[in-house]
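# Secondary and tertiary structure notes
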Amino acid sequence: MTSWFVTLTPDLPLLDAIDQLAARHATGAPVVGPRNELVGILTEKDCLRVLAGNAYGEVAGGTVGGFMSPVKAVIHGDMDLLSIADAFLQSNFPVLPVLDGERLVGRISRQDVLQQVQRFLGQQHNERARSEEAQQASRQRPRSIDRLQRLASSHTPEQLASILKRRQP
């Protein structure tokens, strides 16, 4: 989770909000109330409505509250990775707000989720590799003469020499 680099208020003039988004190359920003509660999202698409309105002779302007979109998907701090991934699959937004109750505390992007998936899968791979190494080592530690003979017969002389060299201090 990271923090938002810009938040807006519903009473902010829309043209000022567009300036802020453009200056930060932001695709959108959360709109928050006086207690930092999330009340909406202003996206690039919302801002493009100003251009469309101007094309039909309407005066550009108004406030963020008049153009913002309702919040359709959020992330809560107690959600697991699978639930967060599902929230992204149900939404078209590449970044979702993170709430603690009603209060905005940060944001999570699809890229953040991918990095966590990568870390999770890497840990699983490492655990599987360690388990396989332990099983291989166990198979190469015979507990009886019979198992020693079976182990020796399943390897070439070069492989046996390599195994025995590794066991020497």
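These lines cover the structure that appears in this document, whether it is placed above or below. If you're wondering where the values come from, they're calculated on a predicted model, not measured in any experiment. (Residues numbered from 1 in each chain as written. Predicted model: local features only at pLDDT ≥ 70, side-chain atom pairs only at ≥ 80, totals over all residues. Heavy atoms only, no water.)

## Side note on a nonpolar patch on the surface
Residues Leu81, Val117, Phe120 and Leu121 make up a contiguous nonpolar surface patch of about 310 Å² in total accessible area. The biggest single contributor to the nonpolar patch is helix 5 (residues 110-139), with three residues. Here Phe120 shows up in helix 5. Exposure remark for Phe120: the relative accessible area of 42% places this residue in the partly exposed category. (Patch = residues over 30% accessible without salt bridge, like charges linked within 9 Å, V, L, I, M, F, W, Y side chains within 5 Å. Areas by Shrake-Rupley, 256 points an atom, 1.4 Å probe, with all protein chains shown as cover. Salt bridge = Lys/Arg side-chain N within 4 Å of Asp/Glu carboxyl O. Helix = DSSP H or I, 4+ residues; strand = E, 2+ residues; numbered from the N terminus. Buried < 20%, exposed > 50% of the residue type's maximum accessible area, 1.4 Å probe, protein only.)

## Describing the pairing of strand 4 (residues 95-100)
One ladder, built from two bridges, connects strand 3 (residues 75-76) with strand 4; its direction is parallel. Residue pairing in the sheet places His76 in a bridge with Leu99 of strand 4. Inspection of the sheet shows strand 4 paired to strand 5 (residues 103-109) by six bridges, in the antiparallel sense. Pairing of Val95 across the sheet is with Ser109, part of strand 5. (Pairing = 2+ DSSP bridges.)

## Re the nonpolar core
Grouped together as the largest cluster of nonpolar side chains are 13 residues, with contacts concentrated most on Val6, Leu8, Ala17, Leu21, Leu42 and Val64. The greatest single-element share of this core, amounting to three residues, is contributed by helix 1 (residues 14-23). Discounting chain neighbours no more than four positions away, the residues touching Val6 are Gln20, Leu21, Arg24, Ala26, Ala29 and Pro30. In terms of nonpolar packing, the next biggest core, distinct from the first, is built from nine residues, Ile75, Phe88, Leu96 and Val113 among them. (Core = buried A, V, L, I, M, F, W, Y, C linked by side-chain atoms within 4.5 Å. Contact = heavy atoms within 4.5 Å.)

## Here we look at the pairing of strand 1 (residues 28-32)
On any regular strand, side chains alternate: one points to one face of the sheet, the next to the other face. Here strand 1 lies mainly inside the structure; five of its five residues are buried. Alignment of strand 1 against strand 2 (residues 38-43), held across five bridges, turns out to be antiparallel. Counterpart to Pro30 in the pairing with strand 2 is Ile41. The hairpin formed by strand 1 and strand 2 contains five residues between the paired strands, and Asn36 there has a positive phi angle of roughly 65 degrees.

## Examining the pattern of salt bridges
Evaluated as defined, the whole model comprises two salt bridges. A salt bridge links Asp100 to Arg103, with the nearest nitrogen and oxygen atoms 3.9 Å apart.

## Some details on the sheet that holds strand 5
Strand order in the open sheet made by the three strands is 3-4-5, with mixed pairing throughout. Where the open sheet ends on each side, the last strands, each with one partner, are strand 3 and strand 5.

## Remarks on helix 4 (residues 81-89)
Every buried residue of helix 4 is accounted for by Ile84, Ala87 and Phe88. The arc enclosing the buried residues of helix 4, seen along the axis, measures out at 100 degrees, which places them on a common side. Across helix 4 from its buried face, at more than 90 degrees, point the exposed residues Leu82 and Leu89. Its side-chain oxygen 3.2 Å from the backbone nitrogen of Leu82, Asp80 forms the N-cap of helix 4. (Arc of directions from axis to C-beta. Polar contact = N/O pair within 3.5 Å; in protein donor to acceptor, adjacent residues only side chain to side chain.)

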